[in-house]
Each structure stands twice: as structure tokens, then as C-alpha cells.
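# Coordinate analysis (summary)
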Amino acid sequence: MMGPSHALSGAAAWLAGSWALDQFAGISQTPLEVAVGTAICAGGALLPDLDMSGKVTRNQGGATVARTFGVASLFVAEVVEKFSLGVYTATKLKRDPRRDNGHRTFTHTLPFCALLAWGTTALADKYGYWAVIGIVFFMGGLALRGLFDEWAERAGWVIVTLASAAIAWFTAANLPSDRGYPLLGLACGVGCFVHILGDMITKNGVPILWPIPIKRRMWMMIGIPNSMAVKVGGKVEVVVLRTAFTVISLLSIAGLFIPGVLERLNLDVWASK
């Protein structure tokens, strides 16, 4: 799937999950917390594609996520791609094919999702408020790059970076300074997992079950048959799936906030009588 579809699927998953937690578990969040979690999950839904690097010296190519912060993120993508290829080469079995790039390898596995969730949680837990602001800056930039791809492409990475800084500043100004945000790690992990599910319905699949050996292969690609796979950038992805993600997001937002608004309106009406 393309970057915008991944980001939108992450946002939809977090908003729907937040609504479910509110309805069935009594776990409510403030509007700011919902917005932060949605941005983190949308950004996390792009992170696995950091294993698709471009040309650092020319500031070209790479996946959507790799172009977010210009040369800096392209360099990170280059490092991640080489690391992922190294993990693949070091752990592959004889029946695994030889590869010359690391795309759809380590960052498209369940262990990576778990590592990302744990690392984000540990960072926020140890350093608290300021770690949250840093995470919001980085992941907010990814979310902007994915959710508003055409605008971000025209505006360029400098504007995206400044917008990310503005989001982080707003969060810093409104988030209580004595606490972090405990669902950050979960949001990152969920976004990453949703990305993997999205790639599983496209051609070739992903090695989601690594490092479990299957049929004498360590990197068995799991997904639907290629004959049934969603074409990347095709009408099913761009029209059907993105429409579905948008509808889920809007319905979840309505379910989260309209009851509270109506309740306040009723209270105001009664108070005025």
C-alpha cells in the first residue's frame, strides 16, 4: 500500500479503538489525547517503510516516510534499510532467496512492532513530558507526510518540519507538565501492525511470522494470493480502502465527541431556564 493509505488506516484504527475503549471499557481520553494518539498511530503506520531508502545526496526517492524530513530522514531510511538487510542475511536459511535490499524484511515483522511499542513506552516512561513532546514532533511529521501527501510534496520538508514543531509546541502548551501519555507506545505498535496488515493484502506479502521457520524458510512471505492482491495505487486501494478508512474515522470521531457536546448543550439549556 502507498503511504497515504497506510497513514489513514493507522488513524482509523486508533480512532475506532478509542471509541471502543470509551464505550466498552470506560477508558476516556481528552480531545488532545485522542488527537495525539491518532497522529502517533498514523505516523507509526508509516514507520515500517523506513526500510525503503532513496538517494540521500540528491534528496530523492525512498518511501513516503523517508522523505518527511528531507536528507535527515533519507539518511535514517538508508541506515534502517541496511540494518534490515543485515538481519535478513544473518538469519536467512538456504531456501530464503538472496536479496540486495532490506525492504519488507525486519521492519515488517511482529518483533519489530513489539520493539517499537516497548521502546516508545520506555522512552516516555523514563523521560516523561519532554520525551512525549519529542515523539509527537517526529511522529506528527510522519502523520502530516502521510495524511496530507500532496500538500506535503508541494510544501517541502522544511514546511512539514515547521508544522511538526508547531504541533509539538501546541501539545507542550496543553499537556499537563507532570505527566506523559501512557498510550504512546501502544499507538506506535498498533500503527506498525496496521501497516503490516495492509501490506499483507498486496502482492508478495510480508514476513510477519519471522523468526519462526516455515517450510525451511526463515523469511516466509505471508499474505493473500497474488491473483487476489490489491494493486498498489490502484482503484481498490485509492478509492475503496481510503473511503472506508475515512468513513470509519469520521464515525469514530462522532461517536467519541457528539454525545459530550449534546450533553453540554442540554445542561446549558436547563441552566438557562
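Predicted model, so just to flag it, every value in this text is computed and none were measured. (Residues numbered from 1 in each chain as written. Predicted model: local features only at pLDDT ≥ 70, side-chain atom pairs only at ≥ 80, totals over all residues. Heavy atoms only, no water.)

### What to know about the overall build of the chain
Scanning the chain from N- to C-terminus turns up 8 helices and 2 strands. Secondary structure elements in the chain, listed N-terminal to C-terminal, are α-α-β-β-α-α-α-α-α-α. Computed over the C-alpha atoms, the radius of gyration of the chain is 20 Å, within 12% of the 19 Å expected from 2.2 N^0.38 for a compact globule of 273 residues. The dimensions of the chain, computed from C-alpha atoms along their principal axes, are 80 × 40 × 35 Å. Looking at the chain as a whole, 44% of its 273 residues qualify as buried. Taking as baseline every contact in the chain between residues at least 6 positions apart, the subset at least 24 positions apart corresponds to 70%. A gap of 12 Å separates the mean positions of the 23 positive and 17 negative side-chain charges of the chain. (Helix = DSSP H or I, 4+ residues; strand = E, 2+ residues; numbered from the N terminus. Rg over C-alpha atoms; globule rule 2.2 N^0.38 Å. Buried < 20%, exposed > 50% of the residue type's maximum accessible area, 1.4 Å probe, protein only. Contact = heavy atoms within 4.5 Å. Lys, Arg positive; Asp, Glu negative; His and termini not counted. Charge placed at Lys NZ, Arg CZ, Asp CG, Glu CD.)

### What to know about the packing of helix α2 (residues 31-44) against helix α7 (residues 184-200)
One way to put it is that α2 packs onto α7 with a least axis distance of 7 Å and a crossing angle of 35°. The element α2 and its partner α7 pack so that their crossing is right-handed. Touching Val 36, Gly 37, Ile 40, Cys 41 and Gly 44 of α2 are Leu 184, Ala 187, Cys 188, Val 190, Gly 191 and Cys 192, all from α7. Of the residues in the contact of α2 with α7, the class split is 8 nonpolar, 3 polar and no charged. (Axes fitted to C-alpha atoms, helices over the stretch in contact; angles between N-to-C directions. Left-handed = near helix turned anticlockwise from the far one by under 90°. Nonpolar A, V, L, I, M, F, W, Y, C, P; charged D, E, K, R; others polar.)

### As for the UniProt feature "transmembrane region" (unreviewed entry) in the chain
As annotated in UniProt, the feature "transmembrane region" (unreviewed entry) corresponds to residues 105-123, 129-148, 155-175, 181-198 and 240-262 in the numbering used here. In this annotation, residues 155-175 is assigned 90% helix and 0% strand; the end-to-end C-alpha distance for the span is 28 Å. (UniProt positions renumbered as here; feature names shortened; annotations may be inferred.)

### So, unusual backbone geometry
For the peptide bond that leads from Trp 210 to Pro 211, omega is 10°, which places it in the cis range. Looking at the element boundaries, Pro 211 is found in the loop between α7 and α8 (235-272). Phi angles above zero are rare outside glycine, and Asn 204 is one such case at about 85°. Note that Asn 204 resides in the loop between α7 and α8. For Arg 216, which is not glycine, the phi dihedral falls at a positive 60°. As for its placement among the helices and strands, Arg 216 is situated in the loop between α7 and α8. Classification of Arg 216 by relative accessible area gives exposed; the value is 63%.

### So, the packing of aromatic side chains
Aromatic ring pairs are described here by two measures, namely the spacing of the ring centres and the angle between the planes. Counted by the stated rule, this structure contains 8 aromatic pairs. Between the aromatic rings of Tyr 88 and Trp 219, the centroid separation amounts to 5.2 Å while the plane-to-plane angle is 45°, which identifies the pairing as tilted. Highlighted residues: Tyr 88 in helix α3 (residues 71-91) and Trp 219 in the loop between α7 and α8, separated in sequence by 131 residues. Residue class for Trp 219 comes out buried when judged on its relative accessible area of 1%. Members of the aromatic cluster, each reached through a chain of ring pairs, are Phe 83, Tyr 88, Phe 106, Phe 112, Trp 210 and Trp 219. (Phe/Tyr/Trp six-rings, centres within 6.5 Å; stacked < 30°, edge-to-face > 60°.)

### What to know about the pattern of salt bridges
By the definition in use, this model includes 7 salt bridges. Between Arg 145 and Asp 149 there is a salt bridge, and its shortest N-O distance comes to 2.6 Å. Judged by its relative accessible area of 3%, Arg 145 falls in the buried class. Shared partners join several salt bridges into a network, and the residues in it are Glu 78, Glu 81 and Lys 82. (Salt bridge = Lys/Arg side-chain N within 4 Å of Asp/Glu carboxyl O.)

### Remarks on the state of the cysteines
Applying the stated criterion to the full structure yields 0 disulfides. The closest cysteine sulfur to the non-disulfide-bonded Cys 41 is located on Cys 188, 8.3 Å from its own sulfur. Cys 113 supplies the cysteine sulfur nearest to Cys 192, a cysteine that is in no disulfide, at a spacing of 3.1 Å. (Disulfide = S-S within 2.5 Å.)

### Section: the side chain of Ser 73
By the secondary structure assignment, Ser 73 is in helix α3. The class for Ser 73 is buried, based on a relative accessible area of 6%. In this view, Ser 73 contacts Leu 50, Val 65, Ala 66, Arg 67 and Thr 68; residues no more than four positions away in its chain are not counted.

### Points about helix α4 (residues 110-147)
Helical geometry: 3.6 residues make up each α-helical turn, so side chains three or four residues apart lie on a common side. The first and last C-alpha atoms of α4 sit only 24 Å apart over 38 residues, clearly below the 56 Å expected at 1.5 Å per residue. Bending of α4 peaks at approximately 135° at the position of Gly 128. (Expected span 1.5 Å × (residues − 1). Bend = angle between axes of the 7 residues up to and from the residue.)

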